[in-house]
Amino acid sequence: MLITCPYCGPRDVIEFTYQGDGNRERPQPASQDLDAWNAYVYDRLNPAGDHNEIWQHSGGCRSHLRVVRNTITHEILSTEFARGGHKAGGRS
Amino acid sequence: MAEQLPDRLSPLEPDYHPGSHGNFEQGVDVILSETRPGSILQLAAWPGEEKRLIEVIRKITGLALPDGAGGGISSGVRAVFGFAPGKFTVVDEAEGLAQAFAGAITPAIGTLTDLSHGRTALRIAGPKAEWVMAKFFAIDFALPAFPLGAGRSTNHHDVFAQIQRSGADQFDIYVFRSFARSFWKALCHASEEVGYEVQ
Ligand SMILES: [Zn+2]
């Protein structure tokens, strides 16, 4: 499986670390909304198909990435920096 | 009176054996060496401050970074390359580069980390340099994909490495100093089949 890092270009999956489901929304740290915390910790869409994920290029530029991966075919449909501000300059 | 500086020791010392090794009867196809730069720095710009940092690098080192991810340039004495968004490795044969940058990189622009004692710089050169490197790292070493001066962040058996192409058939590899001897021995073993010379 290859993931195309917006900075480094295509790299083997071994260079990346999975950081979890990209659909989760973390409540504010002071939040006492137990349902929101429960959803953040436990609720997953678990789709058979395209899935929003967060990966880190930990064995390369160390950027955090938003990745859309097909959970059936492992096809990587898109990658982008998880944080804005570094959108330009990706290797084509 | 001259300042009394301590001797610089190489972490490779017990396994650094100048001369020809391996299958060199048909010719030496790679030359391995430790370049021992006096300064190895990591510079990082805050988001949006990249252009100002690149301008500071140009002022201090005289090296103009090309545009684009992983772009770099090497003068033989000094070298610079991008290794992550807004982050650059800068190398100088001489010591003291950190002091030269200290006043120029203001807190508004970014940060400076002196890694001169934390990294070891190895050089592999020769017609089979790409071949040997490709056995270590799962990246494309062909010239069109990895242009002259460009830098790459990658790893070897989970150990982080930075690589700059400093010649058409020459690469400089920056590894953690504590892992340098282990990596050096592996590099020597991998070079045996093509014949190598340690300089
Ligand atoms: Zn990357």
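Given the structure is predicted, the values throughout are model-derived calculations rather than measurements.

Reading the values: the criteria
- Residues numbered from 1 in each chain as written.
- Chains lettered and ligands numbered in written order.
- Predicted model: local features only at pLDDT ≥ 70, side-chain atom pairs only at ≥ 80, totals over all residues.
- Heavy atoms only, no water.
- Helix = DSSP H or I, 4+ residues; strand = E, 2+ residues; numbered from the N terminus.
- Rg over C-alpha atoms; globule rule 2.2 N^0.38 Å.
- Buried < 20%, exposed > 50% of the residue type's maximum accessible area, 1.4 Å probe, protein only.
- Contact = heavy atoms within 4.5 Å.
- Lys, Arg positive; Asp, Glu negative; His and termini not counted.
- Charge placed at Lys NZ, Arg CZ, Asp CG, Glu CD.
- Phe/Tyr/Trp six-rings, centres within 6.5 Å; stacked < 30°, edge-to-face > 60°.
- Lys NZ or Arg CZ within 6 Å of the ring centre and 35° of its normal.
- Buried area = accessible area lost by both parts, 1.4 Å probe.
- Polar contact = N/O pair within 3.5 Å; in protein donor to acceptor, adjacent residues only side chain to side chain.
- Nonpolar A, V, L, I, M, F, W, Y, C, P; charged D, E, K, R; others polar.
- Domains from an automatic or database assignment.
- Core = buried A, V, L, I, M, F, W, Y, C linked by side-chain atoms within 4.5 Å.
- Arc of directions from axis to C-beta.
- Donors = N, O, S within 2.8 Å, 3.2 Å for Na, K, Ca; no water.

## Some points on the overall build of chain B
So, step 1. Within chain B one finds 4 helices and 12 strands.
So, step 2. Radius of gyration (C-alpha) of chain B: 17 Å, near the 16 Å computed for a compact globule of 199 residues.
So, step 3. Buried positions account for 49% of the 199 residues belonging to chain B.
So, step 4. For chain B, the proportion of contacts with a sequence separation of at least 24, taken over those separated by at least 6, is 67%.
So, step 5. Averaging the locations of the 17 positively and 23 negatively charged side chains of chain B gives two centres separated by 6 Å.

## Here we look at the packing of aromatic side chains
Residue and element names in this part refer to chain B.
So, step 1. For the coordinates displayed, the defined rule picks out 12 aromatic pairs over all chains.
So, step 2. Here the aromatic rings of Phe 136 and Phe 137 are separated by 6.1 Å at their centres, their planes lie at 35°, and the arrangement is tilted. When sorted by exposure, Phe 136 lands in the same class as Phe 137, which is buried.
So, step 3. Taken together, the aromatic side chains of Phe 136, Phe 137, Phe 141, Phe 146, Phe 171 and Phe 183 make up a single cluster linked through ring pairs.
So, step 4. In this arrangement the basic side chain of Lys 128 is found over the ring face of Trp 131, its NZ or CZ atom lying 5.4 Å from the centre.
So, step 5. If you follow Arg 152 out to its NZ or CZ, it ends over the ring of Phe 146, 4.5 Å from the centre.

## A word on the interface of chain B and chain A
So, step 1. Contact with chain B, which involves 16 residues of that partner, is made by 13 residues of chain A.
So, step 2. Interface of chain B and chain A: buried area, both sides summed, is about 1300 Å²; carbon and sulfur atoms make up 52% of it.
So, step 3. Connecting chain B to chain A are 4 residue pairs in polar contact (both at pLDDT 80 or more).
So, step 4. For the side of chain B that touches chain A, the secondary-structure elements that each account for two or more residues are strand E5 (78–84) and strand E9 (151–156) of chain B.
So, step 5. Split into classes, the residues belonging to the side of chain B that touches chain A amount to 7 nonpolar, 7 polar and 2 charged.

## Some points on the domain arrangement of chain B
Residues and elements named next belong to chain B.
So, step 1. Taken domain by domain, chain B consists of domain 1 (13–36 + 118–198) and domain 2 (39–114).
So, step 2. Contacts between the two partners involve 12 residues from domain 1, matched on the other side by 13 residues from domain 2.
So, step 3. Counting each side, the surface lost to burial between domain 1 and domain 2 is near 910 Å², with a carbon and sulfur contribution of 53%.
So, step 4. Counting the surface domain 1 buries against domain 2, the share from its top three residues, Gln 162, Gln 164 and Tyr 174, is 44%.

## Quick word on the nonpolar core
So, step 1. Of all hydrophobic cores here, the largest spans 29 residues; its most connected members are B:Ile124, B:Phe137, B:Ile163, B:Ile173, B:Trp184 and B:Leu187.
So, step 2. Breaking this core down by element, the ones donating at least two residues are strand E2 (30–34), strand E8 (119–125), helix H3 (129–136), strand E10 (159–167), strand E11 (170–176), helix H4 (177–191) and strand E12 (196–198) of chain B.
So, step 3. The element that contributes the greatest number of residues to this core is H4(B), accounting for 6 residues.
So, step 4. If we skip the residues at most four places from it in the chain, B:Leu187 touches B:Leu32, B:Leu122, B:Ile124, B:Val132, B:Phe136 and B:Ile173.
So, step 5. Membership of the second largest hydrophobic core comes to 20 residues, among which are A:Cys61, B:Ala69, B:Val91 and B:Tyr174.

## Some words on H3(B)
All names here are of chain B.
So, step 1. Taken residue by residue, H3 has Ala 129, Val 132, Met 133 and Phe 136 as its buried positions. Buried residues along H3 cover an arc of 100° about the axis, so they all sit on one side.
So, step 2. Contacts from the buried residues of H3 go to E2, E8, E9, E10, E11 and H4.

## As for the coordination of the zinc ion
Note on metal geometry: ideal angles are 109.5 degrees for four donors arranged tetrahedrally and 90 or 180 degrees for six donors arranged octahedrally.
Residue and element names in this part refer to chain A.
So, step 1. Taken together, the protein donors to the zinc ion comprise Cys 5 (SG), Cys 8 (SG), His 57 (ND1) and Cys 61 (SG), at separations of 2.0 to 2.5 Å.
So, step 2. All donors to the zinc ion come from one chain, and their sequence spacing reads C-x2-C-x48-H-x3-C. Taken together, the residues Cys 8 in the loop between strand E1 (2–5) and strand E2 (9–12) and Cys 61 in the loop between strand E4 (50–56) and strand E5 (64–70) connect sequence positions 53 residues apart. There is no split in this pair, since Cys 8 and Cys 61 are both buried.

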